[in-house]
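Here is how the chains run, residue by residue.
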Amino acid sequence: MEAKKEMKDMNLLEAMEHIVALAKGSGLSDEFYNKADEYICFIADKLQLSKEQSVMLSLFIDKSDNRSILASDHCGDFTDRGTESEALDFLNWFIALPHPHKLFVTGNHDLCLWDAEGIDDLPPNVLFLQDKACEIEGVKFFGLGYNHSERLIPNDVDVLITHEPPMMIRDKSNGTHWGNLPLRNRVMEVKPKFHLFGHAHESYGTGVFGNTVFSNGAVLDDQYHLVNAPAQLTLET
């Protein structure tokens, strides 16, 4: 009988097949939830991810004490030079992830999509939230495109996804505060349950201000070394 392989001994294809099998078996199994960080970081290492996949968060949504949804959110900077080929490489990687719902917005590096209104032929569970909203099991998401006006953010939002951080909230990197003051002011008006973002690589982590959870999901440092696990957050409904 062949011994069961550990993740560290698998090649990329074996690892992806293993993760997809876990996600499909018995819904999303406890093993999948407990080891989600290990799986995603393993894939990141195998793909030698750098700037192209730098801001990644997983959001569990609890409904009646049952984790029924796993949404993967990418807060931009999925390209380095902003080329279409880099964007396609990212999309192939992102689409292949086993999360039931995958949402993403643009960052400052993603020039080829700065002015895009949409992307053709995406699977229905992969949503490009370029100044757009969506609702998943009653949870309202809104994604704001990079450098787009904060006034586009609607009043009724549960989870806000941007690339830029709000001013003075997990926005410091390399000695500079990179946060956006008008964005902060709008977030304080709207009061979403979660604000997910990146951009400031040295401010990875999560904090609570008022009634909002702010999470910087940058997994790379300023030298683009993979140093953090993708953040996992739980939204109780």
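Each value, and the rule that gives it
- Residues numbered from 1 in each chain as written.
- Predicted model: local features only at pLDDT ≥ 70, side-chain atom pairs only at ≥ 80, totals over all residues.
- Heavy atoms only, no water.
- Helix = DSSP H or I, 4+ residues; strand = E, 2+ residues; numbered from the N terminus.
- Buried < 20%, exposed > 50% of the residue type's maximum accessible area, 1.4 Å probe, protein only.
- Contact = heavy atoms within 4.5 Å.
- Areas by Shrake-Rupley, 256 points an atom, 1.4 Å probe, with all protein chains shown as cover.
- Core = buried A, V, L, I, M, F, W, Y, C linked by side-chain atoms within 4.5 Å.
- Arc of directions from axis to C-beta.
- Polar contact = N/O pair within 3.5 Å; in protein donor to acceptor, adjacent residues only side chain to side chain.
- Salt bridge = Lys/Arg side-chain N within 4 Å of Asp/Glu carboxyl O.

Asker: Even after reading the chapter, I still don't get the overall build of the protein, so can you show me in this structure?
Answerer: Check the secondary structure of the protein and you find 5 helices and 13 strands. Scored against the burial criterion, the 237 residues of the protein give a buried share of 52%. Contacts spanning at least 24 positions in sequence make up 58% of the contacts within the protein whose residues lie at least 6 apart. Put simply, the protein shows about 11400 Å² of open surface, and 48% of that area lies on carbon and sulfur atoms.

Asker: Can you help me understand the environment of threonine 206 in this one?
Answerer: Examined against the element boundaries, threonine 206 turns out to sit in strand 11 (residues 205–209). Classification of threonine 206 by relative accessible area gives partly exposed; the value is 37%. Residues threonine 206 and glutamine 232 lie 26 residues apart in sequence; the distance between their C-alpha atoms is 9.9 Å. Residues in contact with threonine 206, not counting those within four places in the same chain, are Arg170, Val213, Phe214, Ser215 and Leu233.

Asker: Teacher, can you tell me more about the nonpolar core here?
Answerer: One broad rule of soluble globular proteins: the nonpolar side chains tend to lie buried together. Core analysis: the biggest nonpolar cluster contains 15 residues, and Leu103, Leu129, Phe141, Val159, Ile161, Phe194 and Leu196 have the highest contact counts within it. With 13 residues, the next largest nonpolar core counts Ala87, Trp93, Phe104 and Leu122 among its residues.

Asker: Explain helix 5 (residues 181–190) here, please?
Answerer: Owing to its 3.6 residues per turn, the α-helix aligns residues three or four sequence positions apart on the same side. Those residues of helix 5 that sit buried are Leu183, Arg186, Val187 and Val190. With its buried residues spanning 100° around the axis, helix 5 presents them on a single face. Against the buried residues of helix 5 lie strand 7 (159–161), strand 10 (194–197) and strand 12 (212–216). Where helix 5 begins, one side-chain oxygen reaches toward the backbone nitrogen of leucine 183, 2.8 Å away; that side chain belongs to asparagine 180.

Asker: Before we go on, may I ask you to explain the pattern of salt bridges in this structure?
Answerer: Side-chain pairs of opposite charge can arise whenever the charged atoms involved come near each other. Under the defined criterion, the tally for this structure stands at 3 salt bridges. Of the charged contacts, one joins arginine 186 and glutamate 189 as a salt bridge, the two residues approaching to 2.8 Å between their closest N and O atoms. Remark: glutamate 189 and arginine 186 occur in helix 5; sequence separation between them is 3 residues, near one turn of the helix. The exposure class assigned to arginine 186 is buried, which follows from its relative accessible area of 7%. On the accessibility criterion, glutamate 189 (47% relative accessible area) is partly exposed. Salt bridges linked by common partners bring Arg151, Arg186 and Glu189 together as one network.

Asker: Sorry, what's going on with the environment of valine 213 here?
Answerer: Inspection of the secondary structure puts valine 213 in strand 12. Of the residues examined, valine 213 reaches a relative accessible area of 18% and is grouped as buried. As for valine 213 and leucine 233, which are separated by 20 residues in sequence, their C-alpha atoms are 9.3 Å apart. With near-sequence residues (within four places) excluded, valine 213 lies in contact with Lys193, Phe194, His195, Thr206, Gly207 and Val208.

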